[in-house]
Number of protein chains: 2
Amino acid sequence: MRRAEGFIAVDWGTTNRRAWLIDGAGNCVGEMEDDQGILSVERGQFSEAVNDIRRRLGDHLLLMAGMIGSNRGWVEAPYVPCPAGLSDLAERLVWAEEGRTAIIPGLSYLTDGEADVMRGEEVQILGAVAADMVPGDCLICHPGTHNKWINVVDGRIIGFNTVMTGEIFSLLKEHSLLADLLRLPATTGEAFHSGVRRGLAHDGLTAELFSVRARVLLDQAKREDAASYTSGLLIGADIRVGLRAAPEAEVIVIGRPELTSLYASALVEAGQEAREVDGEASFLAGIRQLAELI
Amino acid sequence: MRRAEGFIAVDWGTTNRRAWLIDGAGNCVGEMEDDQGILSVERGQFSEAVNDIRRRLGDHLLLMAGMIGSNRGWVEAPYVPCPAGLSDLAERLVWAEEGRTAIIPGLSYLTDGEADVMRGEEVQILGAVAADMVPGDCLICHPGTHNKWINVVDGRIIGFNTVMTGEIFSLLKEHSLLADLLRLPATTGEAFHSGVRRGLAHDGLTAELFSVRARVLLDQAKREDAASYTSGLLIGADIRVGLRAAPEAEVIVIGRPELTSLYASALVEAGQEAREVDGEASFLAGIRQLAELI
């Protein structure tokens, strides 16, 4: 219904935000991206930060996903417990401005002793399912600051597991003893795959990380390989967690292409078929479906 | 020989330095500590930074251990390969100022595919052995920014393994999404032990770390327990690595009391006897022995 008038879809994260203008036919006819993540908006200033989006893309209904609904965001949108599908998200939408600006809730997953949460990825996952970009039953890997392993059954998310890989890699790169070794971008060459094999085979990631420096100091590894090796190490250890319940079929890797390619390459090294799906296309598919449901 | 005249012992690390004045009888008769770690001394300024120590403690022979001998320090003191004892360190001393100022080399450990290095801890370990504070055959745990697990056989260090526990905990505390949850000091209560059990039992540290936040958000854990739980988690995972070759006898934990107490408590949780030995006393025992050998 809303879709006939067009709307603005927003993915508002911790450190940046993206917005797309979707017209009545469902086409994306405008977009913007900036570094106004929720942490750079002061409490009380979110209404103005949203006005800024409307000034740039037009005065439309606004549907927002991501950390904007967290306790550090604008209005907290309580987590929807798993299992959950798109209709559950639509029912639990939180209106920050009644009838004008809505926040899509994230998901929570609780199961004996395990606790996990997500905000933003659920729109991509369920969007990819709704648009038949991925099967209704699959294991999805969603790399990012916090990589998610997501079980989809009958088109709904039944559970997930978050691994802090991206954030740990950033911390190491920016603030650790390894920082000067991690300046180059990680690429999927032999150093990366050797890191992946090591991460897959060995428990004790915090010990493996120190050896990155020791290997260079003792001429066992080349300095220029350190970033790719370390990325491989972290992703290998991550995949060890994700493949605890290895699927029969392929793993779907959804997200930004520069990250999905690293994970897909590492999954193949782990003997697992992997297919990459674009995160932006998935997000837009999901939010278009949600716009139909409200 | 040198000992008759007295000398200054220096433990010069990355972020701070400590120095002790040892008299001819081997007694510590003066000391200083400040934040002039090697990273805060510009290249070319080390000679002046050493003069500063002599101005404060007297014009004596100076024996220095730690990162001062690294490639970021004053003069690089090449690593001595394991196995190594105090006499090997004495033979490979590097004189930054001939006959006046010496740097004690660190150790390296290379064994098929594994590479590791240490600088500073070796003086404490071998000092504790030389002073009969610990047996000549033992497994030593040395917590710090980089925790070391050290195998001592016949009074010599035959190999070791570094786990980046302390640095990862600092990075999480200062720069991560968990920062606001990790403000309280870690103490050895139930939250710590629950973290230790989890770290000992579960592979996948980077996944466990994210759950710290999720557990608080979903009311599965108390916010004020997060720092102790996370410390336990990291130390539990560390001990998993260290006890791969579990010793029959006790593990000796050498270092700063606030850290050795956490590790000793976690080792007991892991079913291992543990004994704490003071790192400063061990360091002074080691450097006194070295002063005798040169």
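Just so you know, the residues in each chain are numbered from 1, in the order the chain's sequence is written. Both sets of labels track the order of writing: A upward for chains, 1 upward for ligands. Reporting in this predicted model follows two pLDDT cut-offs: at least 70 for local features of residues, and 80 or more for side-chain atom pairs to be given and counted; totals over whole chains, interfaces and linings ignore these cut-offs and use all residues. Only heavy atoms go into the side-chain values, all of them from the structure, while hydrogens and water stay out.

Below, the discussion takes up the relation of the copies chain B and chain A. Of the transformation superimposing chain B on chain A, the axial component is 0.0 Å and the angular component is 180°, with the fit at an RMSD of 0.0 Å. The superposition operator between the copies reduces to a two-fold rotation axis. Whether two residues touch is decided by their heavy atoms; if any such pair falls within 4.5 Å, the residues are in contact. The residues that chain B uses at the interface reappear at the interface of chain A in 100% of cases, marking a shared surface. The least-squares superposition of copies is restricted to C-alpha atoms, and to residues with a pLDDT of at least 70 in both copies.

What follows concerns the nonpolar core. If you look at the biggest cluster of nonpolar residues, it comprises 50 residues, and the most contacted ones within it are Leu172 of chain A together with Leu172 of chain B. Going along the chain from the N terminus, every DSSP run of H or I of four or more residues is numbered as a helix, and every run of E of two or more is numbered as a strand. Of all the secondary-structure elements, those providing two or more residues to this core are strand 9 (114-118), helix 4 (165-175), helix 6 (205-217) and helix 7 (226-242) of chain A together with strand 9 (114-118), helix 4 (165-175), helix 6 (205-217) and helix 7 (226-242) of chain B. Not counting the four nearest positions on each side in its chain, Leu172 of chain A is found in contact with Leu178, Ala179, Leu182, Leu209, Thr230 and Leu234 of chain A together with Met164, Ile168 and Leu171 of chain B. To define a nonpolar core, start from buried Ala, Val, Leu, Ile, Met, Phe, Trp, Tyr and Cys residues and group those joined through side-chain atoms within 4.5 Å. Only protein chains enter the accessibility calculation, which uses a 1.4 Å probe. A residue is then buried if its area is under 20% of the maximum for its type, exposed if over 50%, and partly exposed in between.

It is worth spelling out the pairing of strand 9 of chain A at this point. Residue and element names in this part refer to chain A. Strand 9 sits mainly inside the fold: four of its five residues count as buried. Here strand 8 (residues 107-111) runs beside strand 9; their pairing, made up of five bridges, is antiparallel. When the sheet's bridge partners are listed, Leu110 is paired in strand 9 with Ala115. Hairpin remark: strand 8 followed by strand 9, antiparallel, with two residues in the connecting loop; positive phi at Gly113, about 85°. At least two bridges found by DSSP between two strands are what make those strands a pair.

Residues and elements named next belong to chain B. The mixed open sheet is built from six strands, whose spatial order is 3-2-1-4-7-6. Pairing within the sheet leaves two strands with one partner each, and these edge strands are strand 3 (28-34) and strand 6 (94-97). Within this sheet the neighbouring strands show an average axis-to-axis angle of 20°, counted without direction. Where strand 1 (residues 7-12) meets strand 4 (residues 61-66), six bridges bridge the pair, whose relative direction is parallel. Note on geometry: axes are C-alpha line fits, over the in-contact stretch for helices, and angles between N-to-C directions span 0 to 180 degrees.

Moving on: the interface of chain B and chain A. Contacts between the two partners involve 45 residues from chain B, matched on the other side by 45 residues from chain A. Of the roughly 4000 Å² buried between chain B and chain A, counting both surfaces, carbon and sulfur atoms make up 64%. Using a 1.4 Å probe, buried area is obtained as the accessible area two parts lose upon being combined, added over both of them. It is Met164, Thr206 and Phe210 of chain B that lose the most area in chain B upon contact with chain A, and together they represent 16% of the buried surface on that side. A pair is scored as a salt bridge if a Lys or Arg side-chain nitrogen falls within 4 Å of a carboxyl oxygen belonging to Asp or Glu. Linking chain B with chain A are six salt bridges. Across the pair Asp180 of chain B and Arg72 of chain A runs a salt bridge, and its minimum N-O distance is 3.5 Å. When contributions to the side of chain B that touches chain A are tallied by element, the ones reaching two or more residues are strand 8 (107-111), strand 9, strand 12 (156-163), helix 4, helix 6 and helix 7 of chain B.

Moving on, we get to the sheet that holds strand 14 (residues 274-278) of chain B. Strand pairing in a sheet relies on backbone hydrogen bonds. The paired strands run either parallel or antiparallel. Residues and elements named next belong to chain B. The mixed open sheet is built from five strands, whose spatial order is 12-11-10-13-14. The open sheet has two edge strands with one neighbour each: strand 12 and strand 14. Taken pair by pair, the neighbouring strands of this sheet meet at an average axis angle of 25°, ignoring direction. Pairing analysis gives three bridges linking strand 10 (residues 138-142) to strand 13 (residues 251-255), with the strands arranged parallel. Directly across from Cys141, in strand 13, lies its bridge partner Val253. Of the strands in this sheet, strand 13 and strand 14 touch helix 9 (residues 279-293), which is tilted by about 60° from strand 14.

All right, on to the domain arrangement of chain A then. All names here are of chain A. Domain annotation for chain A reports domain 1 (2-135 + 280-293) and domain 2 (163-278). What fixes the domain bounds is an automatic or database domain assignment. For domain 1 versus domain 2, the distance between C-alpha centres works out to 30 Å. Of the residues lining the interface, nine residues belong to domain 1; the matching set on domain 2 comes to six residues. Summing the contributions of domain 1 and of domain 2, the shared interface buries around 520 Å²; its carbon and sulfur component is 58%.

Residues and elements named next belong to chain A. Only the six-membered ring of Trp is used, alongside the rings of Phe and Tyr, when aromatic pairs are assigned; centres must lie within 6.5 Å, and planes under 30 degrees apart are stacked while those over 60 apart are edge-to-face, with the rest tilted. In the structure shown here, the tally under the stated rule is six aromatic pairs over all chains. Ring centres 6.0 Å apart and planes at 65° place the aromatic pair Trp12 and Phe46 in the edge-to-face group. Remark: Phe46 occurs in helix 1 (residues 46-57) and Trp12 occurs in strand 1 (residues 7-12); sequence separation between them is 34 residues. In this pair, the class of Trp12 matches that of Phe46, namely buried. Charges are assigned to positions over rings by a cutoff of 6 Å between ring centre and Lys NZ or Arg CZ, combined with an angular limit of 35 degrees from the ring normal. We note Arg215 situated over the ring of Tyr229; from NZ or CZ to the ring centre the distance is 4.3 Å.

This next bit is on the side chain of Arg198 of chain B. Here Arg198 of chain B shows up in helix 5 (residues 190-201). Looking at Arg198 of chain B, the relative accessible area reads 16%, which means it is buried. When residues no more than four places from it in sequence are discounted, the contact partners of Arg198 of chain B are Gly113 and Glu114 of chain A together with Glu208, Tyr229 and Leu233 of chain B.

Right, let's get into the environment of Asn16 of chain B. Residues and elements named next belong to chain B. With respect to the helices, strands and loops of the structure, Asn16 is situated in the loop between strand 1 and strand 2 (17-22). Relative accessible area serves as the criterion here: at 34%, Asn16 is assigned to the partly exposed category. Between the C-alpha atom of Asn16 and that of Tyr109, which follows or precedes it by 93 residues, the distance is 25 Å. The contacts of Asn16, once residues within four sequence positions are left out, are Asp11, Asp34, Asp35, Gln36 and Gly37.

The omega torsion of the bond from Cys82 of chain A to Pro83 of chain A falls at -5°, within 30 degrees of zero and hence cis. When you line up the elements, Pro83 of chain A lands in the loop between strand 5 (80-81) and helix 2 (86-91). Despite not being glycine, Asp132 of chain B shows a phi value in the positive range, around 60°. With respect to the helices and strands, Asp132 of chain B occurs in the loop between helix 3 (121-130) and strand 10. Not every positive phi belongs to a glycine, and Asp219 of chain B is a case in point at roughly 60°. Topologically, Asp219 of chain B is positioned in the loop between helix 6 and helix 7. With a relative accessible area of 69%, Asp219 of chain B lands in the exposed category.

We now examine the pattern of salt bridges. Within the structure shown, the criterion is met by 42 salt bridges over all chains. The closest approach of N and O atoms between Glu114 of chain B and Arg198 of chain A, which form a salt bridge, is 2.9 Å. One end of the pair, Glu114 of chain B, is in strand 9; the other, Arg198 of chain A, is in helix 5 (residues 190-201), on a second chain. Judged by its relative accessible area of 35%, Glu114 of chain B is partly exposed. Overlapping salt bridges, with partners in common, bring together Arg17, Asp34, Asp52 and Arg56 of chain A in one network.

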